[in-house]
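Descriptive structure summary
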Amino acid sequence: MPIYQVALPLPKRQLFDYLHEQQNLHPGCRVRVPFGPRELIGVVMSTTQNSPFMSKLKPISQVIDEQPIIDSTMLSLCNWLAGYYHHPIGEVLHTVMPVALRKGESDKPKPIETLRLTQTEPDVIPEVLGRAKKQRELYAELLNHAQTLSVVKQKYTDGVIKGLLEKNLATIELVEDTRIDADFQFNSNVIKPKPNVEQALAITAISQALNKYTCFLLEGITGSGKTEVYLQSIEEVLRNRKQVLILVPEIGLTPQTVKRFENRFGLEVGILHSNLTDNERLLVWQKSRAGKLSIIIGTRSSIFTPMVRPGMIIVDEEHDASYKQQDGLKYSARDLAVIRAKEHNIPLLLGSATPSLESLNNALTHKYQLLQLNQRAGNAVQAKQSVLDITNQPLQAGLAAGMLTRIEQHLKAGNQVMLFVNRRGFAPALLCHQCGHVEECKRCNKPFTVHKSLQKIQCHHCGAARALPKQCKECGHHELITQGVGTEQLSMFLQSQFPQYSAVRIDSDSVRGKAKLDNLLTEINAGAHQILIGTQILSKGHHFPNVTLVVILDADGALFSADFRASEHLAQLITQLSGRAGRAQKLGEMWLQTHQPGHPLLQDLINNGYGHFARFALSERKLASLPPFSFHALFRTESLQAQDGFEFLSHVSQMLQHPQIRIVGPIPAIMEKRQGKYRMQLLLQSHSRAILNQVIGHFSTDIEALPIARKVRWSIDIDPQDFI
DNA sequence: TCAAAACACACT
DNA sequence: GTGTGTTTTGAT
């Protein structure tokens, strides 16, 4: 009897062997297997003749798929993922499958229940129905053609349907779902804008590379018409009867974006986002695999959507942090897109106004082909950026007096202003005026954030909240003061300063749920609010044509951060924010409040733009041998005892000693404690990705087998994006 | 002395 | 990861 090696969803870097009579179970098929006292769903990986567990081999209890649901391309991608990210193969396969398939759902669409008449005498309504008016009505409808049960149920009650069924006049029939049949139709007759010279060059370059792997980095300033380049390139792919997979950041998937694609090509666009149910997700997966969908748009995990006739992958806003998964299999969807495009031999398009230094470096070293769009479409003008020195300046709610005047000018001119603060809530800390004691979360050892409107203090790291204290815990003093400024405070202050205008907060506190954000954005663009105060959300893809003034309250934090990527992220934020303003015909300006007006990074960014800044930042990274000029792998631990994490990482550090690997740590993570767990990390850096990968790969099973490994939660992060 | 909690370990 | 069997802990 053949022995099958099965990948199971466990944090173990091994396959499990099972028996099955059938000779031809293909790799990529799901099976249900007994595992200790329970049953698991795994994926067949390979066949073998003998197993070290011969005596305790159990048989597969059920074969779920006769044909592989993970095709050979996807399977090799999974093997690549397991090797590159040093992650257990079973968990990789689990990550790659839609939830419904993990649970053992069929990969074929469910047949549709259809209501059909049993006799087919035309135009005759049987006497039996007598005066049953509704039943006669339904019968008449069914005379024309059978209808799906769900459609019928919308119009008729269950009683009516039951009536026909009981009289044996109609039956419920299971009909194969044809909604996923391949579809190549698209409308190419839509009037499309004439591309400018740069756009035309980009479109031509992409169109000439449709049948082979090429990675393009489309570096296009905001408003330069990146989307039009996407659209016209997509059209070429559709013409070849191929599919396009488009990845967008988590927040960027708005109904407008989807509409734009649907209207342009007049076809159904598959959408994958976090609010879908498991079955909706599965349907998109099925439709894409069958070739019904020619365009699929989705967030990070969409990179795993199967395609029968892959034609192109697009990653929009490729610098966005949401492409990196932060837990479990810590993959980068952008990097994975490169691997997938190579595997399919199709072009990949990475687009951004503010490309990541990694991608930019690949473009400058000609691994990627750089396409630049430097002209703004129409007569839009880039917002003018300036710094405001706030050293020794009195601040009100974090704003300098000069800035208030400027805000007033813009408001009086009938325009909108937008202010950016990196903190939600009223203030990031509450301290005692008497003894200086700061109220901290016990589980995270971080100050509580004050939420005045809720009369609460809340820890933004673990979510713990309690009532706003009235007196100091240490000395009992009653005068507690807030420290720092959050969106809530700034919004309250500006509303009191300018009562005749409407101030609105845009952060995850005030806009819970996507619909609410969309409503608010509509209100803002209709002019219902004049003062917009928000966090990161403001920088992500939404356009505010009437905003003429953008203020960043505090640009200093990132300039001296422990994270070497902080300045890159600040520059991206500043550039993205300034791209949101002054789009229409209105000239915009952006002001950065800083204590470091002369800081070379700020100056370079403001005077020469992101493109110049990024190239300068790259040269600095090179000097410091930081990524992308070296490669990082980060071991992280979480444990109840700080000592356990230290001990585990010390072992790891000893095992991985290598002349070409620099090891930093074990050191406490930047967030030393979170949710009551102590967090440590060990950073590995090498000039050779191959050596780093090889050494970790060689020892990963030994590390897993360390006795201390059981006492800690540990993980490996390859190409870590942050050191939190 | 017993039961809950913490720990260890196997699972093919 | 999770279910189970084993050891430790602490309150009666």
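Remember, it's a predicted structure, so these values are computed and weren't measured experimentally. (Residues numbered from 1 in each chain as written. Chains lettered and ligands numbered in written order. Predicted model: local features only at pLDDT ≥ 70, side-chain atom pairs only at ≥ 80, totals over all residues. Heavy atoms only, no water.)

1. With respect to the pattern of salt bridges
Tallied over the full model, the rule gives 25 salt bridges. Residues K287 and E268 are paired through a salt bridge, measuring 2.7 Å at the closest nitrogen-oxygen approach. Pair noted here: K287 is in helix 10 (residues 278-290) and E268 is in the loop between helix 9 (255-265) and strand 12 (269-272), with a separation of 19 residues, a long-range link. Residue E439 pairs with K473 through a salt bridge whose shortest N-O separation is 3.9 Å. With E439 in the loop between strand 21 (429-432) and strand 22 (440-441) and K473 in the loop between strand 26 (465-467) and strand 27 (480-483), this residue pair connects regions lying 34 residues apart in the sequence. It is possible to trace a salt-bridge network through shared partners that takes in K192, E235, E236 and R239. (Salt bridge = Lys/Arg side-chain N within 4 Å of Asp/Glu carboxyl O. Helix = DSSP H or I, 4+ residues; strand = E, 2+ residues; numbered from the N terminus.)

2. Description of the side chain of E318
The topology assignment puts E318 in the loop between strand 14 (310-316) and helix 11 (333-344). The buried category is assigned to E318, whose relative accessible area is 1%. Within the structure, the side chain of E318 is placed 2.9 Å from the side chain of R334, a separation counted as a polar contact. Among the polar contacts made by the side chain of E318, one reaches the main-chain amide nitrogen of S356 at a distance of 2.7 Å. Setting aside residues no more than four positions away along its own chain, E318 makes contact with L217, Y323, R334, L350, G351, S352, P355, S356 and S359. (Buried < 20%, exposed > 50% of the residue type's maximum accessible area, 1.4 Å probe, protein only. Polar contact = N/O pair within 3.5 Å; in protein donor to acceptor, adjacent residues only side chain to side chain. Contact = heavy atoms within 4.5 Å.)

3. Section: the protein's contact with DNA strand C
With respect to spatial proximity, the complete set of residues near DNA strand C consists of L10, P11, K12, F35, P37, R38 and R713. Within 4 Å of the protein, atoms of DNA strand C come from sugar and phosphate in 44% of cases. R38 has a polar side-chain atom sitting 2.6 Å from a base nitrogen of DNA strand C. (Near = heavy atom within 4 Å.)

4. A few points about helix 16 (residues 566-579)
In a regular helix each residue adds 1.5 Å, so 14 residues correspond to 20 Å; helix 16 covers 20 Å between its end C-alpha atoms and thus fits that length. With 13 of its 14 residues buried, helix 16 lies for the most part within the structure. (Expected span 1.5 Å × (residues − 1).)

5. Topic: the protein's contact with DNA strand B
The environment of DNA strand B is formed by 14 residues, the closest being D17, F35, F53, K56 and K58. The contact atoms of DNA strand B, taken as those within 4 Å of the protein, divide so that sugar and phosphate hold 50%. Interatomic distance of 2.4 Å between a backbone N/O atom of D17 and a sugar or linking oxygen of DNA strand B. Note that a phosphate oxygen of DNA strand B is positioned 3.0 Å from one of the side-chain N or O atoms of K56. Of all the secondary-structure elements, those providing two or more residues to the surface near DNA strand B are strand 2 (16-19) and strand 3 (30-35). Counting residues per element, the surface near DNA strand B draws most heavily on strand 2, at 3 residues. For the surface near DNA strand B, the per-class residue count stands at 7 nonpolar, 2 polar and 5 charged. (Nonpolar A, V, L, I, M, F, W, Y, C, P; charged D, E, K, R; others polar.)

6. Points about the packing of aromatic side chains
One pass over the structure, following the stated rule, counts 8 aromatic pairs. Between Y84 and Y85, the ring centres sit 4.8 Å apart and the planes meet at 75°, which makes this aromatic pair edge-to-face. Of the residues examined, Y84 reaches a relative accessible area of 14% and is grouped as buried. Taking relative accessible area as the criterion, Y85 reaches 3% and is therefore assigned buried. Aromatic ring contacts, followed pair by pair, group W80, Y84 and Y85 into a single cluster. (Phe/Tyr/Trp six-rings, centres within 6.5 Å; stacked < 30°, edge-to-face > 60°.)

7. Let's talk about the state of the cysteines
Overall, the coordinates contain 0 disulfides when judged by the stated rule. The thiol of C459 is not disulfide-bonded; the next cysteine sulfur, from C441, is found 3.7 Å away. (Disulfide = S-S within 2.5 Å.)

8. Some points on unusual backbone geometry
The omega torsion across P627 and P628 is 5°, close enough to zero to call that bond cis. Secondary-structure assignment places P628 in the loop between helix 17 (600-623) and strand 32 (631-639). With a phi close to 60°, N392 is a non-glycine residue in the positive phi region. In this fold, N392 is placed in the loop between strand 17 (384-389) and strand 18 (395-396). In this model, Q455 sits at a positive phi of 50°, which is unusual for a non-glycine residue. By the element assignment, Q455 lies in the loop between strand 24 (449-451) and strand 25 (456-458).

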